[in-house]
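Results of the structural survey
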Amino acid sequence: MMRRVVLPICGVALLAGLGQSALAQSPGVSFADPNRFLQRDGEAIYRAICQGCHMPNGQGAIGAGAYPALAANRNLEAAAYPIAFVLKGRKAMLPFGRMLDDEQVAAVVNYVRTHFGNKYTDVVSGADVRSMR
């Protein structure tokens, strides 16, 4: 009976150790404040939050939910469109407005609108985001 208890406990300890190791090796990911993301750069924010669903190259995915492609996405032309989604969420997308400040939202929106085949050059500012909260 003792053997049955020891093996699961060892397995849990091993998995916990692997999880901590993986987090320690993830550059730019910080959980110092569980209610806020600390990244300031648009690319870092995208990698920390968005790429898990929208994929590293913005190609989107279908699986447990449908996550639209951000690559060459004509809906991103109007800057208010991605700002609203980041702030308020929609369907499977969580609202990130409480976890990102105005400058962070502007940074990730600008990143998405200028990468993945998107060439929208009008810059979103923190004031633009603030006006939509």
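Everything numeric here is computed off the predicted structure, so don't read it as measured data. (Residues numbered from 1 in each chain as written. Predicted model: local features only at pLDDT ≥ 70, side-chain atom pairs only at ≥ 80, totals over all residues. Heavy atoms only, no water.)

**Some remarks on the environment of N118**
You can see N118 is positioned in the loop between α4 (102-113) and α5 (126-132). Judged by its relative accessible area of 3%, N118 falls in the buried class. In the structure, N118 is positioned 46 residues away from A72 in sequence and 5.1 Å away in space, judged by C-alpha atoms. Sequence-distant contacts of N118, that is, excluding residues within four places in its chain, are made with L70, A71, A72, N73, L76, V112 and R113. Within the structure, N118 has its side chain in polar contact with the backbone nitrogen of A72 (distance 3.3 Å). (Helix = DSSP H or I, 4+ residues; strand = E, 2+ residues; numbered from the N terminus. Buried < 20%, exposed > 50% of the residue type's maximum accessible area, 1.4 Å probe, protein only. Contact = heavy atoms within 4.5 Å. Polar contact = N/O pair within 3.5 Å; in protein donor to acceptor, adjacent residues only side chain to side chain.)

**Side note on the state of the cysteines**
All told, the structure shown has zero disulfides when counted by the stated rule. Here C50 stays free of any disulfide, with the sulfur of C53 as its closest cysteine sulfur at 8.8 Å. By relative accessible area, C50 is classed as buried at 17%. Given a relative accessible area of 31%, C53 falls into the partly exposed group. (Disulfide = S-S within 2.5 Å.)

**Notes on unusual backbone geometry**
In this structure, M55 is a non-glycine residue whose phi angle is positive, near 75°. Among the secondary structure elements, M55 is positioned in the loop between α2 (42-54) and β1 (61-62). A residue is classified by how much of its surface remains accessible, and M55, at 24% relative accessible area, is partly exposed. Phi is positive for A72, which is not a glycine, with a value near 50°.

**Here we look at the confidence of the model for the protein chain**
Residue-level pLDDT values for the protein chain average 83, and 76% of them are 70 or greater. Residue range residues 2-26 is modelled with pLDDT below 50. Its contacts to residues more than four positions away, or to other chains, number two contacts. (pLDDT = per-residue confidence, 0-100.)

**Some words on the packing of α2 against α4**
One can describe the packing of α2 onto α4 by two numbers: an axis separation of 8 Å at closest approach and a directional angle of 90°. Viewed along their axes, α2 and α4 adopt a mutual orientation that is roughly perpendicular. For the pair α2 and α4, contact is made by G42, E43, I45, Y46 and C50 and by Q104, A107, V108, Y111 and V112, respectively. Grouping the amino acids of the contact of α2 with α4 by side-chain chemistry returns seven nonpolar, two polar and one charged. (Axes fitted to C-alpha atoms, helices over the stretch in contact; angles between N-to-C directions. Parallel < 35°, antiparallel > 145°, perpendicular 65-115°, else oblique. Nonpolar A, V, L, I, M, F, W, Y, C, P; charged D, E, K, R; others polar.)

**A word on the layout of surface pockets**
In this structure, the largest pocket occupies an estimated 610 Å³ of space. Along the walls of the largest pocket sit 26 residues, with H54, P68, L70, F85 and M93 positioned nearest its centre. Mapped by element, the contributors of at least two residues to the lining of the largest pocket are α2, β2 (66-67), α3 (80-88) and α4. With five residues, α2 is the single largest residue contributor to the lining of the largest pocket. The residue makeup of the lining of the largest pocket, split by class, is 21 nonpolar, three polar and two charged. (1 Å grid on protein atoms, 1.4 Å probe; cavity = no way out; pocket = protein on both sides within 12 Å on 5 of 7 lines; lining within 4 Å. Points joined across faces, edges and corners; volume = space filled by probe spheres on them.)

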